[in-house]
Amino acid sequence: MTTVSDNETQTLVILGASGDLTARLLLPGLGALLTSQALGDLQLIGSDLRDWDTQRWQAQVTESFAEVDATGPHVDAVVTNTTYLQADVTAEDELRALLAACQGPVTIYFALPPAITERACQALEAIGVPEGTRLMIEKPFGSDADSAQALNELVTRIVPEHHVHRIDHFVAMPTVLNVLGLRFANRMFEPVLNNEHVASVDIVFDETLTLEGRADFYDATGALVDMIQSHMLEVLALFAMDPVPSLGADDVRDGKAQVLRATHIWDDDPINYSRRARYTAGKIGDRDVPSYVDEQGIDASSTTETLAELVLAVDTWRWSGVPFRVRSGKALGSPRTEIVITFQEPPLVPEGMAGAPQANRLHIGIDLASNELGLELNLTGPGDPFRIDPVSMSGQFGPGALPPYGEVFKSVLVDDTATLSVRGDMVVECWRIIEPVRQAWRNGQVPLQEYAAGSNGPTGWPETGLPNRAEQGE
Ligand SMILES: O=C1O[C@H](COP(=O)(O)O)[C@@H](O)[C@H](O)[C@H]1O
């Protein structure tokens, strides 16, 4: 792993600089990182179609940095020197001018809609990029397995794969990365994380948020693609991979890719093992939420799901037979973002011990706000010492020094590693895994159910384990 030295000049170009992603996530992540360390002599260039000038861009950078209280000499230097170049990045001559303004190794961040990213990449391929250029590309990467593969081929004609950083900020969440420490730096968990001991795994990301002004994007995307195709499958792959010898990009990504290749919808039956729903009017806390179809920017004929749930099989020696339930939804009553491992029952309860044990569960929080580790155990006492007494224990782990986008920038701009980036083959596998589900949904074989905003989702859906419609008599 190489790291950037204090006086080395490098340039970060953000395409889509006037957009929401840049203001809300990229610049705060960069500001937090700059507060903690120098990124060499970093030149920051913002570029977009919008008629901004450097002064307007500097105001945006200052405002976004202030959100994370970014301070210090590295922050000041970047704010003072940053520039804005108005450009149509799908036009070769304008891209060429942009590259000519860069100094040292160049990193280009595509904070653009996918279709524009693709056209900008075609233009980049035509004009060529300086040696050592790195590309950082937001999700969704492609729109299905074939288009993702075509985009993989395009970007790797521009730079080598290890310089293509497909960004998934969940991969860089300190909470998600805790899975590495929990599994591989302790003796007690890893030996039981397999099909001999685990009954089921749930990976849940339920949000109270609704559309947040992203109606156009969300309605064209839906929960399955927005959350499961990318983030949730990445979390699943990290949790289910075999132990890795190092945290190098090849070891970690090989481990995750192997899991993804082995993953498919349970029983290859998307009709029984996928569900979709969308919210109707309700209240979340004090907030009145309209029906999804009445939200601003949503067409009444929309059939987009705001909650998706799949049961997946991971056909490896370790996990064969263990259902992985993966779910994410919006407008739910309370946030719930965790991996829950439900263990099998103990083989025997000693004669004389009263009561029935409850399944042991290990809860691993995966959102920054749910940085908790919980354990559901059966003890005896403190009452009758021969009666089983279920208890829950929990402890907090650190929220992380940097926000996820800070970690993303650190891994690329400082450590020059792709450990936290999604590799091309992995993104194709993720599209492959959800394709039968999309097909069944397109064919109308899985009903679009409803749930009131502020509820816990449609009634009758099991909390954990293997939801099987047939068994529930649906
Ligand atoms: O990428 C996305 O992630 C967010 C959830 O992540 P968070 O870090 O903001 O909690 C989700 O709300 C959004 O719809 C999705 O596009």
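Calculation criteria
Residues numbered from 1 in each chain as written. Predicted model: local features only at pLDDT ≥ 70, side-chain atom pairs only at ≥ 80, totals over all residues. Heavy atoms only, no water. Buried < 20%, exposed > 50% of the residue type's maximum accessible area, 1.4 Å probe, protein only. Helix = DSSP H or I, 4+ residues; strand = E, 2+ residues; numbered from the N terminus. Pairing = 2+ DSSP bridges. UniProt positions renumbered as here; feature names shortened; annotations may be inferred. pLDDT = per-residue confidence, 0-100. Contact = heavy atoms within 4.5 Å. Axes fitted to C-alpha atoms, helices over the stretch in contact; angles between N-to-C directions.

## Quick word on the pairing of strand β9 (residues 274-280)
On any regular strand, side chains alternate: one points to one face of the sheet, the next to the other face. In terms of residue burial, β9 counts as a mostly covered element, since seven of its seven residues are buried. When β9 meets strand β12 (residues 307-314), the two strands line up antiparallel, connected through four bridges. What sits directly across from Arg-275, in β12, is Glu-309. Summarising the sheet, β9 and strand β18 (residues 448-452) pair through five bridges and their orientation is parallel. In the strand pairing of β18, Tyr-279 is matched with Tyr-451.

## Describing the UniProt feature "domain: Glucose-6-phosphate dehydrogenase C-terminal" (unreviewed entry) in the chain
Taking the numbering used here, the UniProt-annotated feature "domain: Glucose-6-phosphate dehydrogenase C-terminal" (unreviewed entry) corresponds to residues 182-459. Helix makes up 25% of residues 182-459 and strand makes up 27%, while its end C-alpha atoms are separated by 34 Å.

## Regarding the confidence of the model for the chain
Per-residue pLDDT for the chain averages 94, and the proportion of residues at 70 or more is 96%. The low-confidence segment residues 468-474 (pLDDT under 50) makes 15 contacts with residues lying over four places distant or belonging to another chain. Per the prediction output, this complex has pTM 0.95; the corresponding ipTM is 0.99.

## Quick word on the sheet that holds strand β1 (residues 9-15)
Within the open sheet, the six strands sit side by side as β3-β2-β1-β4-β5-β6. Their pairing is parallel. If you trace the sheet from one side to the other, it starts and ends with β3 (83-86) and β6 (164-166), each paired once. Averaged over all pairs of adjacent strands, the angle between their axes in this sheet comes to 20°, without regard to strand direction. Looking at chain direction, strand β5 (residues 134-137) and β6 are connected through three bridges and run parallel. Bridged to Met-136 within β6 is His-165. Relative to the sheet, helix α6 (residues 145-158) contacts β5 and β6, its axis offset from that of β6 by approximately 145°.

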